[in-house]
Structures are given as C-alpha cells and as structure tokens.
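Summary of structural features
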Amino acid sequence: MPPPPPSQLVYCNLCQHETAHACLKTIEQPWWLEHVYLVASVVTFDVLQCRGCHGVVLRRSVFDRNGEDTADVRYFPPPMSRRLPEWRDKLPPEQKVLLEEIYRSLDAENLTLPMMGTRALVDMLMLEKVGDSGGFREKLKKFESAGYVSAKGREVLDVVLDLGSAAAHRGHASSGSEVQSVIDIVEDILRTVYVYPKVVEKLKDATPQRIRTKADVP
Ligand SMILES: [Zn+2]
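A short tour of the structure in this document, coming up.

Procedures and definitions
- Residues numbered from 1 in each chain as written.
- Predicted model: local features only at pLDDT ≥ 70, side-chain atom pairs only at ≥ 80, totals over all residues.
- Heavy atoms only, no water.
- Core = buried A, V, L, I, M, F, W, Y, C linked by side-chain atoms within 4.5 Å.
- Buried < 20%, exposed > 50% of the residue type's maximum accessible area, 1.4 Å probe, protein only.
- Helix = DSSP H or I, 4+ residues; strand = E, 2+ residues; numbered from the N terminus.
- Expected span 1.5 Å × (residues − 1).
- Contact = heavy atoms within 4.5 Å.

A short note on the nonpolar core
A general feature of soluble globular proteins is that nonpolar side chains tend to end up buried together. Ranked by size, the top nonpolar core spans 30 residues in total, and within it F143 and L190 carry the most contacts. Secondary-structure elements contributing two or more residues to this core are α1 (93-107), α2 (112-130), α3 (136-145), α4 (151-169) and α5 (176-206). Broken down by element, this core gets its largest block of residues, nine residues, from α5.

A short note on α4
For α4, spanning 19 residues, the distance from its first C-alpha to its last is 27 Å, which sits close to the expected 27 Å at 1.5 Å a residue. Considered for burial, the residues of α4 that qualify are L157, V160, L161, G164, S165, A166 and A167. In this structure, the buried side of α4 is in contact with α2, α3 and α5. Of the residues one or two after α4, G171 is the one with positive phi, at around 65°.

What about unusual backbone geometry?
With the exception of glycine, the majority of residues adopt a negative phi angle, and the majority of peptide bonds are in the trans configuration. Backbone torsion omega between F76 and P77 reads -5°, so that peptide bond is classified as cis. Along the chain, P77 turns up in the loop between β5 (70-76) and α1. For H54, which is not a glycine, the phi torsion comes out positive at approximately 70°. The exposure class of H54 is exposed, given its relative accessible area of 52%. Not every positive phi belongs to a glycine, and E109 is a case in point at roughly 60°. According to the relative accessible area criterion, E109 is partly exposed, its value standing at 35%.

Listed below in structure tokens is the structure:
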C-alpha cells in the first residue's frame, strides 16, 4: 500500500470546507469482513490534522485483499458534525438538552432524527413563548403576532416544521445539506429569542448617553 501523501485535501468540520491536512500517524491492521467468512482485508487508521485550524480527524479506510482498491472510507467525527454553539447555556434547560442530542445525532451521521429533533425544538420554543395554542400553524401565527419572527421568518419556520413533519410521519429523508440548513435556521431563531436581547441590553448599558442639544428639542 503506498504511503499517504504528506498533505492531502480533506473536509474540515471546523473550517467548514476542504483544507490541506497533514497525516500525523497511520496504523495498519488486518480487517475481517463480517459477511465473507475468513476473508481478510486491510484497514488503515490515519490521524489527520488540518493545516489551517489544527483540528484533528480520524480516517478509517478499508482496502481489498490486494491493498489497492478502497472499499469503504469513513471519518470520525463525520463531515455532518458541527461544533456545539457556545451560547447554548442561555437556552431553557430542556431546549439545551434537545439541541445537544441533535448534535450527537449528527455525529452518528443521522439525517432523519435531527430533522425530527429540530421540529420538536421549535415546538418547545413556541410553547414556552406563546403557550399551547393549538397546532403548529396556530402557534406560528401567535409567535409572529408576539413579534418573535417577521412574516418572512414565519414562512421559513413553516418550511422547517413541514420538513420535520415529513421526516416523522412520511418517511422523508433529507440530504445532509438540507439538514445543515435547517439547523442553521433553527439556531438563528434561538439566538434571536434567547441570546441577542441580553447582548443588546449590555450594549445599551455600555453606550454613553447622547448629550441633548437645542437642535434635539422639537
Ligand atoms: Zn480546519
């Protein structure tokens, strides 16, 4: 098996695009295929480090018996993984727990469970802010009336909720990029509701009062 190149392009979860990675260490072992009795392949584990952010990822490659063709390549953590937002402590406890479970589900490369989880998370958010006022549509309308989202924002959340419903009840499997977009949207609304108001209060306190001049007096 040829040695890995000194630098190779691999997706970096932290940089969120392909970056040059250095291979720090490679371990090679025999690999027994479970479905083919007593047929050995070779597996290599490469410890790769991003040359940009220095994040580390483990790559497992299973080769055929001749050590040439790669049959299966997996990354740990997988490209679906995301870094948990630092502001998650600002969420109500039950929403924080669910957000963390959604992230662990991404670590396992799940697609359907995160969509069901984000739908439940939006439901919890609306329940906390506008109470139990019927179905998702009714809650969304109240959520908009209470000023938490704009009319456009409500339309976006409607699509998110429908995708979660399709995952839960209609067996719809979203793509990895769709799942990432939905999580972006849900995090955005969580930040708007729970994080930004406190940031704005601090900014107000830190801003010196404007000195009123004669021109300000109507
Ligand atoms: Zn990186």
